[in-house]
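Spelled out from the first residue to the last, the chains are:
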Amino acid sequence: MNNLHIQVIHGPNLNLLGSREPTHYGVQTLADINEELVVLGDKLGVRITSFQSNHEGELVEKIQHAEADGIIINPAAYTHTSIAIRDALLAIKLPFIEVHLSNVHRREEFRHKSMLVDVATGVIAGFGTQSYALALRGLHHHLTSKK
Ligand code: DQA
């Protein structure tokens, strides 16, 4: 029985994972990542739903209507620019983990800035697709240790 629900949200260009800049992002596809999260979620007792969009407004809408206990979000390039995504996450008051496949702090300077980092429950970057699994374990622990 999966008592908790975590909404996973992927931002722009992550639909291209598998073929997109594999040195930064690896060879696994978004479908692979989502499947692995469902399998890990079943072990932890967490129902996982996933959503990807290339559009900022669609990401905002998904956040606003999230019926979940928490969110795992890789906002991709919007990490560095989107006050709208920050405001949506603040509005719904759910715990969320910011995730990056790559270690953004080892990359170009414009990727060092995150609009979400100071309001996130936690941040995980640099572990490739495992960043998501680590985020799920971390958010699960956060949600269950609070109860
Ligand atoms: C990313 C890092 C961002 O800087 C970049 O724009 C992405 C992916 C990552 O997962 O490493 O699209 O969020």
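This write-up is about the structure you can find in this document. Position numbers for residues start from 1 in each chain and track the written sequence from start to end. Since the coordinates come from a predicted model, pLDDT governs what is reported: local features require at least 70, and pairs of side-chain atoms require 80 or more to be given and counted, while whole-chain, interface and lining totals use all residues. Side-chain measures here rest on the full set of heavy atoms in the structure, leaving out hydrogens and waters.

### Remarks on unusual backbone geometry
Backbone phi values are negative for most residues with the exception of glycine, while trans is the configuration of most peptide bonds. Residues other than glycine seldom take positive phi values, yet Ala76 does so here, at roughly 55°. In DSSP terms, a helix is any run of H or I states spanning at least four residues, a strand is any run of E spanning at least two, and both are numbered starting from the N terminus. Note that Ala76 resides in the loop between β3 (70-74) and α4 (83-92). Think of it in three bands: with a 1.4 Å probe and only protein chains considered, a residue is buried below 20% of the maximum accessible area for its type, exposed above 50%, and partly exposed in between. Ala76 gets classed as buried once you look at its relative accessible area, which sits at 11%. Of note in this structure, Lys93 is not a glycine but carries a positive phi near 60°. Note on Lys93: relative accessible area 73%, which makes it exposed.

### Details of the sheet that holds strand β2 (residues 46-52)
Only strands joined by at least two bridges in the DSSP assignment are considered to pair. On the basis of which strands lie adjacent, the open sheet formed by five strands has the order β2-β1-β3-β4-β5 and parallel pairing. Two strands lie at the open edges of the sheet, namely β2 and β5 (122-125), each paired on one side alone. The average angle at which neighbouring strand axes cross in this sheet is 20°, direction not considered. In the sheet, strand β4 (residues 96-100) pairs with β5 via four bridges, with the strands oriented parallel. Here an axis means a line fitted to C-alpha atoms, over the contact stretch when the element is a helix, while the angle between two N-to-C directions is reported on a 0 to 180 degree scale.

### What about the environment of Val117?
Within the fold, Val117 resides in the loop between β4 and β5. C-alpha separation for the pair Val117 and Ala77, spaced 40 residues apart in sequence, amounts to 14 Å. For this analysis, residues touch if any pair of their heavy atoms sits within 4.5 Å. Every residue in contact with Val117, bar those within four places of it in the chain, is listed here: Glu98 and Val123.

### What to know about the environment of Val46
Its location among the elements puts Val46 in strand β2. Note: C-alpha distance between Val46 and Ile6 (40 residues apart in sequence) is 6.8 Å. When neighbours within four sequence positions are excluded, Val46 is seen to be in contact with Asn2, Leu4, Ile6, Gly41, Leu136 and His140.

### Some thoughts on the site of the ligand
The environment of the ligand is made up of Arg20, Tyr25, Asn74, Ala76, Ala77, His80, His100, Leu101, Ser102, Val104 and Arg111. Pairs of N or O atoms within 3.5 Å make up the polar contacts considered here, provided that, within protein, one atom can donate a hydrogen while the other can accept it, and that residues adjacent in sequence are counted only when both atoms are side-chain atoms. For the ligand, an oxygen atom lies 2.8 Å from a polar atom in the side chain of His100. Contact distances for the ligand include 2.8 Å between an oxygen atom and a backbone N or O atom of Leu101. Calculation on the ligand without its partners gives an accessible area of 320 Å², and the protein chains cover 98% of this total. Whether a residue is near a molecule or strand depends on its heavy atoms: if one lies within 4 Å, it is near. Residue-level accessible areas treat just the shown protein chains as cover; the underlying method is Shrake-Rupley with a 1.4 Å probe.

### A look at the pattern of salt bridges
Here a salt bridge means any side-chain nitrogen of Lys or Arg lying within 4 Å of a carboxyl oxygen belonging to Asp or Glu. Taken as a whole, this structure holds three salt bridges when the rule is applied. For the salt bridge of Glu108 with Arg107, the shortest nitrogen-to-oxygen distance reads 3.9 Å. Among the residues examined, Arg107 registers a relative accessible area of 13% and is labelled buried. Between Arg111 and Glu108 there is a salt bridge, with its nearest N and O atoms 2.7 Å apart. Take Arg111: its relative accessible area is 17%, and that puts it in the buried class.

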